[in-house]
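Structural features, examined
Residue strings, one per chain:
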Amino acid sequence: MNSSKHTELANHAWSVADILRGDYKQSDYGKVILPFTVLRRLECVLEPTREKVAETAALYESQEIDGDYFLRKASGHSFYNKSPLTLKMIAADPQNAAKNLQVYVGSFSENATEVLDRYEFAQQIKKLDSANLLYQVIGKFTDLDLRPEVVSNHNMGYIFEELIRRFAEQSNETAGEHFTPREVIRLMVNLLIAPDGDALSLPGVVRTVMDPACGTGGMLSAAEEHIKALNPDATVEVYGQELNPESWAICRSDLMIKGQDPENIAFGNSFSDDGHQREKFDYLLANPPFGVEWKKVKEDVEYEHTNLGDSGRFGAGLPRINDGSLLFLQHMISKMKPVDAKGGGGSRIAIVFNGSPLFTGAAGSGESEIRRWILENDWLEAIVALPDQLFYNTGISTYFWILTNRKDAQHKGKVVLLDARDQWVKMRKSLGDKRKELGDGSGGRPNHIGDITRLYGEAVAAAADAEHPLHGKVKVFDNAAFGYQRITVERPLKLRFELTEETLAAVEASKVVQKLPNASALLEAFKAMEGPRSWATKSEAWVALKDAAVAAGTTWPTGAPFNKALREAVRVRDLGGEVQMVKGQPEPDAELRDNENVPLGEDVEEYLKREVHPHVPEAWIDHTKTRVGYEIPFTRHFYVYKPPRPLAEIDAELKALEAEIQALLDEVTE
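In this text, all values refer to a predicted model and were calculated from it rather than measured experimentally.

Scanning the protein chain from terminus to terminus reveals 30 helices and 21 strands. What you see for the protein chain is a C-alpha radius of gyration of 35 Å, clearly larger than the 26 Å of a compact globule of 670 residues, by over 25%. Referenced to the eigenvectors of the C-alpha coordinate spread, the extents of the protein chain come out at roughly 115 × 80 × 75 Å. Counting all 670 residues of the protein chain, 49% fall into the buried class. Across the protein chain, the fraction of contacts at a sequence separation of at least 24, relative to all contacts at a separation of at least 6, is 76%.

Have a look at this one:
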């Protein structure tokens with residue numbers, strides 16, 4: 001079937017919009033068209049065995065036996081319908097259309113009715129019936145020939161995806177949430193699967209693909225198509241999970257329509273209700289929502305992190321509550337197949353992130369610990385920077401992270417950074433925030449997808465060859481290059497001591513001093529002191545203050561709390577003052593404390609001597625506060641300095657603009 005036939009059938013289904021116009025908002029057309037398309041396809045698929053199923057149903061109903069297994073067998077599919085009704089019969093009886101359609105839908109097997117329930121199909125039936133449109137809509141779909149001998153499962157997938165795309169375009173406010181641009185998916189799948197091209201071409205190959213935030217299933221469909229293009233005889237099993245009921249229903253419908261097992265698409269939150277526990281997959285890919293908080297599942301996630309540790313999914317660490325992106329990645333890593341002793345097995349992962357997971361979180365934070373866990377296990381193969389304004393619901397820059405636990409020899413211990421931010425063409429018409437797209441070589445456009453895929457394949461060689469035309473677009477680093485030691489540099493606390501109106505007020509305000517039985521006498525003694533009331537050392541100050549107390553006939557309090565409170569009140573920070581000591585060691589000055597990031601593997605004491613001591617010779621490192629962190633400063637590695645334009649050039653341009661403005665003003669005033 002050619003693309004024009006796909007479009008013709010999709011147009012026929014979407015023409016129902018003409019009937020809905022006025023009674024439905026444009027953005028709600030898909031809520032009617034998509035479930036009716038599913039319903040019509042299921043009916044066409046089941047038509048050859050309809051009578052056999054009806055006979056089987058009657059047989060087991062009379063025996064009061066659950067005949068689900070036998071009904072599936074009779075239908076020849078994973079679903080069935082026990083009703084003698086058809087859509088054509090229902091449309092022919094407008095007065096009873098709603099009642100008959102509900103009976104018809106209720107006669108499907110549970111897995112089919114569950115999908116239609118998620119579309120809130122019963123509500124749509126009621127709304128269409130009240131507007132006297134139901135029989136018209138049903139009649140329109142009975143004219144749509146979707147029999148498998150006319151439209152194969154593969155081609156039906158194209159038609160349904162076209163309808164999904166139109167639905168997404170009609171409801172731009174939520175399109176990006178459940179729909180990833182097709183060309184982005186193609187590139188992502190290329191980078192995920194391309195290195196396995198030879199293995200996938202083997203006869204009888206079976207591969208499993210999983211998306212834990214599958215939306216309407218676009219990525220799963222693209223992955224299946226790519227593998228099938230490499231090997232038409234390959235068996236591809238797709239799995240997914242989705243939280244949004246409508247998107248889940250669309251994805252599950254897509255699988256039913258294509259002949260895949262709809263049970264592979266789980267409903268619910270991947271973090272709190274993993275629909276594929278203990279299962280492992282060959283390929284995993286996802287475009288999880290950016291910057292979405294995980295507060296609703298906080299209790300479940302923290303319980304697994306605390307109680308299961310590395311045996312669970314989130315042992316490496318927990319990101320901040322307002323961004324669950326790295327939770328998705330940990331969830332996916334937990335589903336990688338192990339690599340066997342001969343190097344077989346293993347998995348590959350591709351995920352779309354914004355810039356936050358690259359660097360958010362200081363050393364020791366949850367995000368940093370997750371990056372550390374990934375890099376120290378040598379799972380991160382590459383990060384690819386994409387153009388901005390590529391997605392429907394955000395204009396920010398995005399990145400592909402590609403991970404695997406079976407790196408080839410040239411990638412072991414290394415990470416590829418590939419800059420594809422300039423690989424785009426401007427769209428003729430914007431869709432939401434999407435103003436750019438990746439060219440695929442069609443319609444005279446550049447083949448950005450092919451170019452990026454090729455560069456990815458030769459990234460290590462391109463990075464090593466300064467003569468390579470795209471050498472500047474790819475860099476290769478050792479894993480440890482992204483690690484650093486966060487050291488705390490201390491400087492000694494230096495003080496002098498004095499009695500002034502301000503410091504006396506601080507002594508008087510001290511709660512420790514206020515609790516003393518002779519507080520008033522002490523304060524009067526201090527106020528009555530004559531002569532110099534400033535001292536270079538603590539010992540000089542304490543001798544003078546004690547003498548004043550004794551002279552006034554009061555006692556000098558003992559105990560560390562009083563001494564500490566008094567010091568805090570009468571001290572003055574002075575870089576030329578006395579170094580304060582605690583247990584024979586200099587006391588650090590919290591206000592002068594500084595932190596430095598030292599590359600992983602470098603001797604921090606050597607760093608201190610080289611970078612700090614020339615400026616502050618008395619500084620030292622508090623090793624108890626040293627933390628190891630990991631971050632991937634992508635943009636820093638590809639930054640190219642552009643010198644400012646010469647002042648003479650700017651000045652000449654400004655004068656030319658002034659002259660142009662003056663000429664325009666002269667024309668107005670003439």
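Among the residues of helix 8 (residues 110-118), those classed as buried are Asn 111, Ala 112, Thr 113, Val 115 and Leu 116. Of the surrounding secondary structure, the elements contacted by the buried residues of helix 8 are helix 3 (29-46), helix 5 (68-75), helix 7 (97-106), helix 9 (121-130) and helix 16 (245-258).

Time to look at the sheet that holds strand 5 (residues 348-353). Spatial strand order, 3-2-1-4-5-7-6-8-11: 9 strands in an open sheet with mixed pairing. On the outer flanks of this sheet lie strand 3 (265-267) and strand 11 (474-478), each paired with one strand and no other. The mean angle between the axes of side-by-side strands here comes to 15°, regardless of whether they run parallel or antiparallel. In the sheet, strand 2 (residues 235-242) pairs with strand 3 via 3 bridges, with the strands oriented parallel. Residue pairing in the sheet places Gln 241 in a bridge with Ala 266 of strand 3.

The subject of this paragraph is unusual backbone geometry. With a phi close to 60°, Arg 278 is a non-glycine residue in the positive phi region. Looking at where Arg 278 falls in the secondary structure, it is placed in the loop between strand 3 and strand 4 (283-286). Judged by its relative accessible area of 74%, Arg 278 falls in the exposed class.

A few words now on a nonpolar patch on the surface. A grouping of Leu 654, Leu 657, Ile 661 and Leu 665 is seen on the molecular surface, where their side chains present a nonpolar patch of about 360 Å² in accessible area. Mapping Leu 657 onto the fold places it in helix 30 (residues 647-669).

Attention now goes to the pairing of strand 9 (residues 425-431). For a regular strand, side chains alternate in direction, first toward one face of the sheet and then toward the other. Here 3 bridges tie strand 9 to strand 10 (residues 434-437), and the two strands are oriented antiparallel to one another. In the strand pairing of strand 10, Leu 431 is matched with Lys 434. Once strand 9 ends, the chain turns through 2 residues before running back antiparallel as strand 10, passing Gly 432 with a positive phi of about 65°.

Before going further, it helps to examine the environment of Leu 566. Here Leu 566 lies in helix 27 (residues 560-570). Residue class for Leu 566 comes out buried when judged on its relative accessible area of 1%. The spacing of Leu 566 and Trp 542 is 24 residues in sequence and 9.5 Å in space, taken between C-alpha atoms. With residues up to four places along the chain from it excluded, the contact list for Leu 566 reads Val 507, Phe 526, Trp 542, Leu 545 and Trp 556.

The rules behind these values
Starting from 1, residues in each chain are numbered consecutively following that chain's sequence as written. Totals for whole chains, interfaces and linings use all residues, but because this is a predicted model, local features are given only for residues with pLDDT of at least 70 and pairs of side-chain atoms are given and counted only at 80 or more. The side-chain values count all of the structure's non-hydrogen atoms but skip hydrogen atoms and water molecules. Put simply, DSSP H or I for four residues or longer makes a helix, DSSP E for two residues or longer makes a strand, and each gets a number counted from the N terminus. Between the two quantities, the radius of gyration covers C-alpha atoms and the globule rule is 2.2 Å times the number of residues to the power 0.38. Remark: exposure states derive from per-residue accessible area (1.4 Å probe, protein chains only) relative to the maximum for the residue type, with buried under 20%, exposed over 50%, and partly exposed in between. We call two residues contacting when some pair of their heavy atoms lies within 4.5 Å. Pairs of strands are assigned from DSSP output, requiring at least two bridges between the strands. Geometry is summarised by axes, namely lines fitted to C-alpha atoms with helices restricted to the contacting stretch, and by angles between N-to-C directions that run from 0 to 180 degrees. In this scheme, patches are assembled from residues that exceed 30% relative accessible area and form no salt bridge. Like charges are connected within 9 Å, while nonpolar side chains (Val, Leu, Ile, Met, Phe, Trp, Tyr) are connected within 5 Å. Calculation of accessible area relied on Shrake-Rupley with a 1.4 Å probe; when residues are assessed, cover is drawn exclusively from the protein chains displayed. By definition here, a salt bridge exists when the distance from a side-chain nitrogen of Lys or Arg to a carboxyl oxygen of Asp or Glu is within 4 Å.

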